[in-house]
Amino acid sequence: MFDVEKIREEFPVLKRKINNKKLIYFDNAASTQKPKAVIEKIKEIYENCYANIHRGIHTLSQELSDEYENARKIVANFVNSNFEEIIFTRNTTESINLIAYSYALKNLNKNDEIIISVMEHHSNILPWQFVSKKVGCKLTYVSLNKDYKINVEEFKEKINRNTKVVSITHISNVLGSINDIEEIIKISHENEAIVIIDAAQSAPHTKIDVKKLDADFLVFSSHKMLGPTGIGILYGKKDILEEMEPFLFGGDMIKDVDFYSAIWNDLPWKFEAGTPNIVDAIAFAEAVKFLENIGMENIEKYLNELTKYFLDRFSELRKFKLVGSRNYKNRAPIFSFIHDYLKSHEIAKLLDLEGIAVRSGYHCAHPLMKYLNLFESGGTVRASLYLYNTKEEISYFFDILKKIENNY
Amino acid sequence: MKLREICGGAFSLKFDKEIEIEKIANLFKDYKIVIKNEDSIKLSKKEKEILIFKYGEILFYNFKKDEIFEILEIIKNV
């Protein structure tokens, strides 16, 4: 049973007023709000049981080491991976950079190719531009089909035996499109390319099963799914991770160090040099537990209802244009739109005056904005919903958009 | 006054009080008024756009930082 009012009670910030209006938080694709369980976990650790982890003999260190590794177990279960295949990073960006540095730079040469799509976030473009320039290999983009999804037919034409890396987003952070990643993964593997899935927007919305997907790497961030900032996940297949060199070097990622050599630690610690973000990793596990208690299937179903309602209401507008699919079955509740006369920031500002938080601009996707001819006009307004949002909030949001239509 | 550079090639100039939108708009004599209501005035000249909000904020599009600083000096004296 999905009880949104009960869920909302767990998020203290939702009681806030902005510009004397009740806060409506529609900026979830940028970052989500945090439930009491996450906030209290952070407080509890710093107040009662904080210490550095691993190799400590004292009680606090051992207690917190167990909690940290238990957090990893919880995340591993959440995506159905093995324990040693989950590496804690800072965020999705760092996870992709780790793959670019530790896998791609070592395994690609000038005859190879990397395929990404035009809808990628900068964090899934810039590391590949870097690798491409560094090793002299080709970087290829796949465009979108009429449903604003990655064009699989074009992908089939572009992939070839020289393609070594395919790195694509599961759900677009701008368009909300859900890409056909199962098919893309299958085609990539048939061509012996490894696949990286950017799940930053999908892990909060849908059940992820890395074994079923068969992706080689899958990355996501805690802060977009109720957890703290500064903690991210890199899932990688064990055999690939074992072949990779560490990304960072320092404490905790070694078994032994000699004067001129070292033996790396086992997975996953080989990739976690230095004191990790202990507290936020544990708090992230609280966020995962919170989501699992509600049930990812229930969350997905509820978000689908909100998506349908949002799209239905959007069709009432005259001066606003949706940038993305109108098919609610085919998308997540991330909605980009533009106005006939007003710029994205102007709309966002007018919404903020009514207590509504949305994002405006390019959404870290300059190439997509250029591809859609939205760059010169200053990008889009983006309203992105999550499990604590309601139909009433959407209704109010459209009342305000209609008011803007009347005034501008 | 607080100036912020924001995503999308824009700048926000925020005041700590309401502003007289007509008075500010008059500073930009060679701009065309494209929208005018009691809360705001929108001006444009080629690719440049300015939206002046009565509550105390001005949004500038397609301006260079130097141009914004020049405008700031003029607004300060209003």
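Residues numbered from 1 in each chain as written. Chains lettered and ligands numbered in written order. Predicted model: local features only at pLDDT ≥ 70, side-chain atom pairs only at ≥ 80, totals over all residues. Heavy atoms only, no water.

Enquirer: Please explain the packing of helix α2 (residues 36–49) of chain A against helix α10 (residues 278–294) of chain A as it appears in this structure.
Expert: In a packed pair of helices, the relevant descriptors are the angle between the two axes and the axis-to-axis distance. Residues and elements named next belong to chain A. Direction vectors running N to C along α2 and α10 enclose 145 degrees, while the axes themselves pass 8 Å from each other. In this structure, α2 meets α10 at a crossing whose hand is right-handed. Touching Ala37, Val38, Lys41, Ile42, Ile45 and Tyr46 of α2 are Val279, Asp280, Ile282, Ala283, Glu286 and Ala287, all from α10. Grouping the constituent residues of the contact of α2 with α10 by class yields 9 nonpolar, no polar and 3 charged. (Axes fitted to C-alpha atoms, helices over the stretch in contact; angles between N-to-C directions. Helix = DSSP H or I, 4+ residues; strand = E, 2+ residues; numbered from the N terminus. Left-handed = near helix turned anticlockwise from the far one by under 90°. Contact = heavy atoms within 4.5 Å. Nonpolar A, V, L, I, M, F, W, Y, C, P; charged D, E, K, R; others polar.)

Enquirer: Sorry, what's going on with the pairing of strand β9 (residues 217–221) of chain A here?
Expert: Residue and element names in this part refer to chain A. Of all 5 residues in β9, 5 are buried, a share of seventy percent or more. Side-chain alternation along β9 places Phe217, Val219 and Ser221 on one buried face and Leu218 and Phe220 on a second face that is also buried. By the bridge criterion, 3 bridges tie strand β8 (residues 194–198) to β9 in an arrangement that is parallel. Across the sheet, residue Ile196 finds its bridge partner in β9, namely Phe217. (Buried < 20%, exposed > 50% of the residue type's maximum accessible area, 1.4 Å probe, protein only. Pairing = 2+ DSSP bridges.)

Enquirer: Just to check I follow, could you spell out the packing of aromatic side chains for this structure?
Expert: How two aromatic rings sit relative to each other is set out by the distance from centre to centre and by the angle between their planes. Residues and elements named next belong to chain A. Scanning the model with the defined rule gives 26 aromatic pairs over all chains in all. An angle of 90 degrees between the planes, with centres 5.7 Å apart, marks the rings of Phe11 and Phe290 as edge-to-face. In this pair, Phe11 is assigned in the loop between α1 (4–9) and β1 (17–18) and Phe290 in helix α10, connecting sequence segments 279 residues apart. By relative accessible area, Phe290 is classed as buried at 12%. Both rings, one in Phe310 and one in Phe314, keep their centres 6.3 Å apart while their planes meet at 20 degrees; by these two values the pair is stacked. Residue Phe310 and its partner Phe314 are located together in helix α11 (residues 296–314), separated by 4 residues, close to a single helical turn. Residue class for Phe310 comes out buried when judged on its relative accessible area of 0%. A residue is classified by how much of its surface remains accessible, and Phe314, at 1% relative accessible area, is buried. Put simply, the rings of Phe26, Phe310, Phe314, Phe320, Phe335, Phe337, Phe397 and Phe398 pair up and form one aromatic cluster. (Phe/Tyr/Trp six-rings, centres within 6.5 Å; stacked < 30°, edge-to-face > 60°.)

Enquirer: When you look at the nonpolar core in this model, what are you seeing that I'm missing?
Expert: Soluble, globular proteins show a tendency: their nonpolar side chains are buried together. All names here are of chain A. Ranked by size, the top nonpolar core spans 113 residues in total, and within it Phe220, Leu351, Leu387, Phe397, Leu401 and Ile404 carry the most contacts. Top element by residues in this core is α10. It accounts for 12 residues. For this core, the domains that each give at least three residues are domain 1 (4–26 + 295–407) and domain 2 (40–292). Excluding residues within four positions of it along the chain, Ile404 makes contact with Phe320, Leu342, Ile347, Leu350 and Leu351. Ile96, Tyr103, Ile125 and Val165 belong to the second largest nonpolar core, which has 27 residues in total. (Core = buried A, V, L, I, M, F, W, Y, C linked by side-chain atoms within 4.5 Å. Domains from an automatic or database assignment.)

Enquirer: Mind showing me how you'd approach the sheet that holds strand β13 (residues 320–323) of chain A here?
Expert: Residue and element names in this part refer to chain A. Pairing is antiparallel in the open sheet, where 4 strands are placed in the order β13-β14-β17-β16. The sheet terminates laterally at β13 and β16 (359–361), the two strands that pair on one side only. Averaged over all neighbouring strand pairs, the angle between strand axes comes to 30 degrees, with direction disregarded. Judged from the 3 bridges that link them, β16 and strand β17 (residues 380–384) form a sheet pairing that is antiparallel. Following the sheet pairing, Arg359 is matched in β17 by Arg382. In this fold helix α12 (residues 344–352) packs onto β13, β14 (334–339), β16 and β17, with an angle of close to 160 degrees to the strand it touches most, β16.

Enquirer: What exactly am I supposed to notice about the pairing of strand β2 (residues 10–14) of chain B here?
Expert: On a regular strand, each side chain points to the face opposite its neighbour's, so the side chains alternate between the two faces of the sheet. Residue and element names in this part refer to chain B. Buried residues dominate β2, accounting for 4 of its 5 residues. The sheet contact formed by strand β1 (residues 2–6) and β2 spans 5 bridges and is antiparallel. In the strand pairing of β2, Glu5 is matched with Phe11. The turn joining β1 and β2, which pair antiparallel and follow one another in sequence, is formed by 3 residues; a positive phi near 100 degrees is taken by Gly8. Pairing geometry for β2 and strand β6 (residues 57–61), over 5 bridges, is antiparallel. If you follow Lys14 over to β6, its bridge partner there is Glu57.

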